[in-house]
Amino acid sequence: MPSLKEFRNRIASVKSTQKITKAMQMVAAAKLKRAQTAAAAAGPYAERMATVIANLTNNVRGDSAPLLLRGTGKDEVRLLVVATSERGLCGGFNTQIVRLVREHIAQLQAAGKTVKILCVGRKGRDQLKRLHGDKIIDFVDLSGYKTLDASAAALIGDKVRALFDQGSFDVCTLFYSKFRSVISQTPTAQQLIPATPPDGARAPDLKGAIYSYEPSEAAILEGLLPRYVDGQIFRALLENAAGEQGARMSAMDNATRNAGDMIKKLSLRYNRQRQANITKELIEIISGAEAL
Amino acid sequence: MADKLHFSLVSPERELYAGDVDHVVVPGSEGEFGVLANHAPFMTTIRPGPLRILNDGGERRIFVNGGFADVTPAGLTVLAEDAVDLEDLDAAKLDQDLKNCREDVGDAKDEAQKRDAEARLRRLEAIRAAMR
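This text gives an overview of the structure that appears in the document. What you see is a predicted model; the values in this text were computed from it and never measured.

Before going further, it helps to examine a nonpolar patch on the surface. Taken together, Ile278, Leu282, Ile285 and Ile286 of chain A make up a surface patch of nonpolar side chains, about 380 Å² in accessible area. Along the chain, Leu282 of chain A turns up in helix α7 (residues 217–291).

So this is what it looks like as structure tokens:
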């Protein structure tokens, strides 16, 4: 049985841990709010972009379509862009994404495809390095960005497009976590290249008029597609940021609660021990008095 | 009252402007063009420059750094890569930023840094030109 002093020390240390996790939970809650606002603010752009792309891709088809839309016509080399967080202590958030990536890699390898990985975020790279370190071709560190902006997405987009132009992959898939709610984020795989026009986006009703394009339809599409890809990456990053904070919030909430339970149990044992000691001392005194 | 044009200006980060206006002048890549209500469907790319919103006799200028304009019967949508409201800017501060940026270009240690600084400089110069 540990001594009373040891109990007191244990309780003090669990209490300070609880204070830390509580603070982290509150910080995550505040950051989550900001991340959600940012994600909501980016909504209109993505929506409009989807409409424009749907409208354009209806008209430009076949061989005249830009390579980003058409693809290379092969499906041999796959590039997986894995977006995870930069910091840990957010529950199963990164593990979930990495697990999905691993499943995909196993499937692709079984089908005889070559897999390459581009990591975004430190945590995903650390987890993938163990088994698939040889496949990681590049790594993007986002810890320098205080707030995520479109330039972060453009940085990743440029890298992906440069690789595509070199012909080093055929199909690119982006992995990230969709933000559903604070307690639930779904890891998602989304094809980036060849670009897929969004589902559900309708071309606008022109009321019989004919669209005119300046300079030309193909030229506009050529310029628009990279931005569409960037937009998708940006959206994924924002969802990831919100998901990370949500996951951290619930993880830290759990930790705080666990610490509370532990303190309760420890104080019970501490009090019991203290009373046992008092009883023991009393018995010693009484039996000593009786002996006289 | 004349018809109003529904105009929205969005950048990847947020929606900068949404509402009904009289007239919008957009810096298109093939030349500046004005859009009034009931314009024919039209799509074009944009070059960096000032976008002017004319409404009820007032004028608001927003700097857009490239992007796309899409005119449909529903209205005009500008998808800007980057947009700054010129009213929020202070000429003196901008000049200071410009000066710093020029120094950055000179001080750049490697190619990547230099490219980055030059891109920033081009953007600031375009904004400065739009202010005059």
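Let us look at the environment of Ala83 of chain B. Residue and element names in this part refer to chain B. Looking at the element boundaries, Ala83 is found in strand β10 (residues 83–85). What makes Ala83 buried here is its relative accessible area of 13%. Separated by 74 residues in sequence, Ala83 and Leu9 place their C-alpha atoms 8.7 Å apart.

Residues and elements named next belong to chain A. Relative to the assigned elements, Ser168 resides in the loop between α6 (150–165) and β4 (171–181). Classification of Ser168 as buried rests on a relative accessible area of 17%. Side-chain polar atoms of Ser168 contact the backbone oxygen of Leu163, separated by 2.8 Å. When neighbours within four sequence positions are excluded, Ser168 is seen to be in contact with Val77, Lys116 and Leu163.

Turning our eyes to something else, we now look at helix α4 (residues 93–110) of chain A. All names here are of chain A. Taking 1.5 Å per residue as the helical rise, α4 with its 18 residues ought to reach 26 Å, and the 27 Å between its terminal C-alpha atoms agrees with that figure. For α4, the complete set of buried residues consists of Phe93, Asn94, Ile97, Val98, Leu100, Val101, Ile105 and Leu108. Buried residues along α4 cover an arc of 155 degrees about the axis, so they all sit on one side. Pointing more than 90 degrees away from the buried face of α4 are the exposed residues Gln107 and Ala110.

Working note: a packed helix pair is described by the angle between its axes plus the distance between those axes. Residues and elements named next belong to chain A. In the contact formed by α6 and α7, the axes pass within 8 Å of each other and the chain directions differ by 125 degrees. As summarised for this structure, α6 and α7 are arranged oblique, according to the angle between their axes. Read as a crossing pair, α6 and α7 show a hand that is right-handed. Along the contact surface, α6 presents Ala150, Ala152, Ala153, Ala154, Ile156, Gly157 and Arg161, while α7 presents Pro226, Val229, Asp230, Ile233, Phe234 and Leu237. For the contact of α6 with α7, the residue count by class is 10 nonpolar, 1 polar and 2 charged.

Basis of the calculations
- Residues numbered from 1 in each chain as written.
- Chains lettered and ligands numbered in written order.
- Predicted model: local features only at pLDDT ≥ 70, side-chain atom pairs only at ≥ 80, totals over all residues.
- Heavy atoms only, no water.
- Patch = residues over 30% accessible without salt bridge, like charges linked within 9 Å, V, L, I, M, F, W, Y side chains within 5 Å.
- Areas by Shrake-Rupley, 256 points an atom, 1.4 Å probe, with all protein chains shown as cover.
- Salt bridge = Lys/Arg side-chain N within 4 Å of Asp/Glu carboxyl O.
- Helix = DSSP H or I, 4+ residues; strand = E, 2+ residues; numbered from the N terminus.
- Buried < 20%, exposed > 50% of the residue type's maximum accessible area, 1.4 Å probe, protein only.
- Polar contact = N/O pair within 3.5 Å; in protein donor to acceptor, adjacent residues only side chain to side chain.
- Contact = heavy atoms within 4.5 Å.
- Expected span 1.5 Å × (residues − 1).
- Arc of directions from axis to C-beta.
- Axes fitted to C-alpha atoms, helices over the stretch in contact; angles between N-to-C directions.
- Parallel < 35°, antiparallel > 145°, perpendicular 65-115°, else oblique.
- Left-handed = near helix turned anticlockwise from the far one by under 90°.
- Nonpolar A, V, L, I, M, F, W, Y, C, P; charged D, E, K, R; others polar.

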